[in-house]
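This is what each chain is made of:
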Amino acid sequence: MDRIPKYVSILLILLFAATLSAQNETYTVTANSWPADFSSFESFRDANASTSQGAVIVLLAALSIYSKNAEEGKKALIICLDANSLISDTSPNGYKGFNINRNTIDLVKRQLEQHPYLIGSYLPGSSFQNGYKPSNPPYNFTLTSNRFSGTEESGQKKLFLPSSGADTPRPVTVKRNAKGVWKASEFSSLLVGIKKPATSNPADDL
């Protein structure tokens, strides 16, 4: 078999690199303000959930609210989660006829109780040295995708969000509903523990 000419090999390498570049994309989401409660969350959701990357940040905002106020955070999660994470609930415990299924809400509750600083690690300005306390908005979030992430056209996409307490970005899968709104479908990796924040007094770790 004849050897492949050198210029053909170079062309194949360039094409392969270009393919990888196209498959590994970076997305920036700017949040000029950050919702502190449910009353400001719904408009934030409406402004950002029209894109897959925006939906990841909407989920993060809902979890941030939950970490401060579980009841308000639960309502925020109900309106930003995919239908597979919800159950019908017309009781006062639900919101707009829905509630979060047991597995999902138990995971959120358990992980945020064990790691109250977790959500702060995803916000700009945070670090384990400063106890994962973020800076003040506006925030610029950078997310990435890879060749296995899916596409906007398919209506399902996996994006990766960095944490200042983890070595690698964490995946979040979002889906587009019939109204064109992107909602979080799978986000358990976002709730995995991170490096413990630094303490000023070593005795605090005893």
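Residues numbered from 1 in each chain as written. Predicted model: local features only at pLDDT ≥ 70, side-chain atom pairs only at ≥ 80, totals over all residues. Heavy atoms only, no water.

Looking at the nonpolar core
Here is step 1 of the chain: Grouped together as the largest cluster of nonpolar side chains are 50 residues, with contacts concentrated most on W34, F41, L59, L77, F141 and F187.
Here is step 2 of the chain: Those residues within four positions of L77 in sequence are excluded, and the remaining contacts are L59, A62, L63, Y66, I100 and V108. (Core = buried A, V, L, I, M, F, W, Y, C linked by side-chain atoms within 4.5 Å. Buried < 20%, exposed > 50% of the residue type's maximum accessible area, 1.4 Å probe, protein only. Contact = heavy atoms within 4.5 Å.)

So, the pattern of salt bridges
Two side chains bearing opposite charge may form a pair once their charged atoms approach each other closely.
Here is step 1 of the chain: As enumerated under the stated definition, the model contains three salt bridges in all.
Here is step 2 of the chain: The salt bridge partner of D46 is R45, with a shortest N-O separation of 2.9 Å.
Here is step 3 of the chain: R45 gets classed as buried once you look at its relative accessible area, which sits at 13%.
Here is step 4 of the chain: Between K157 and E152 there is a salt bridge, and its shortest N-O distance comes to 3.9 Å. (Salt bridge = Lys/Arg side-chain N within 4 Å of Asp/Glu carboxyl O.)

Description of the packing of helix 3 (residues 52-68) against helix 5 (residues 102-114)
Here is step 1 of the chain: Relative orientation of the contacting elements helix 3 and helix 5 amounts to 60 degrees, with a least axis distance of 10 Å. Viewed along their axes, helix 3 and helix 5 adopt a mutual orientation that is oblique. Crossing handedness for the pair helix 3 and helix 5: right-handed. Contact residues: helix 3 offers L63, Y66 and S67, while helix 5 offers I105, V108, K109 and L112.
Here is step 2 of the chain: Of the residues contributing to the contact of helix 3 with helix 5, the split by class is five nonpolar, one polar and one charged. (Axes fitted to C-alpha atoms, helices over the stretch in contact; angles between N-to-C directions. Helix = DSSP H or I, 4+ residues; strand = E, 2+ residues; numbered from the N terminus. Parallel < 35°, antiparallel > 145°, perpendicular 65-115°, else oblique. Left-handed = near helix turned anticlockwise from the far one by under 90°. Nonpolar A, V, L, I, M, F, W, Y, C, P; charged D, E, K, R; others polar.)

Here's the deal with helix 5
Here is step 1 of the chain: Over its 13 residues, helix 5 extends 18 Å from the first C-alpha to the last, a length consistent with the 18 Å expected when each residue adds 1.5 Å.
Here is step 2 of the chain: Along helix 5, the residues classified as buried are T104, I105, V108, Q111 and L112. Burial along helix 5 is one-sided: seen end-on, the buried residues are contained in an arc of 145 degrees. Facing away from the buried side of helix 5, by more than 90 degrees, are the exposed residues R102, N103 and E113.
Here is step 3 of the chain: The secondary structure elements touched by the buried residues of helix 5 are helix 3, helix 4 (70-78) and strand 3 (98-100). (Expected span 1.5 Å × (residues − 1). Arc of directions from axis to C-beta.)

Looking at the side chain of N101
Here is step 1 of the chain: Examined against the element boundaries, N101 turns out to sit in the loop between strand 3 and helix 5.
Here is step 2 of the chain: Of the residues examined, N101 reaches a relative accessible area of 16% and is grouped as buried.
Here is step 3 of the chain: Among the polar contacts listed, one links the side chain of N101 to the backbone oxygen of N84, at a separation of 3.3 Å. (Polar contact = N/O pair within 3.5 Å; in protein donor to acceptor, adjacent residues only side chain to side chain.)

Re the pairing of strand 8 (residues 182-186)
Here is step 1 of the chain: Buried residues dominate strand 8, accounting for four of its five residues.
Here is step 2 of the chain: Strand direction decides the pairing type here: strand 7 (residues 170-176) and strand 8, joined by four bridges, are antiparallel. Looking across to strand 8, one finds that R176 is bridged to W182.
Here is step 3 of the chain: Between the antiparallel neighbours strand 7 and strand 8 lie five residues, among them G180 with a positive phi of about 85 degrees. (Pairing = 2+ DSSP bridges.)

Side note on the packing of aromatic side chains
Here is step 1 of the chain: Counted under the stated rule, the structure contains seven aromatic pairs.
Here is step 2 of the chain: Relative to F141, the ring of W34 has its centre 5.6 Å away and its plane inclined at 35 degrees; by these criteria the two rings are tilted. Of this pair, W34 sits in the loop between strand 1 (26-31) and helix 2 (38-48) while F141 is found in strand 4 (residues 139-144), placing the two residues 107 residues apart along the sequence. Taken as a pair, W34 and F141 share a single burial class, namely buried.
Here is step 3 of the chain: Ring geometry for F38 against Y95: centres 5.3 Å apart, planes inclined by 85 degrees, an arrangement best described as edge-to-face. You can see F38 sitting in helix 2 and its partner Y95 sitting in the loop between strand 2 (86-88) and strand 3, a full 57 residues away along the chain. Like F38, the residue Y95 is buried in the burial classification.
Here is step 4 of the chain: Looking at K195, its charged tip hangs above the ring of F128, at a distance of 4.4 Å from the centre. (Phe/Tyr/Trp six-rings, centres within 6.5 Å; stacked < 30°, edge-to-face > 60°. Lys NZ or Arg CZ within 6 Å of the ring centre and 35° of its normal.)

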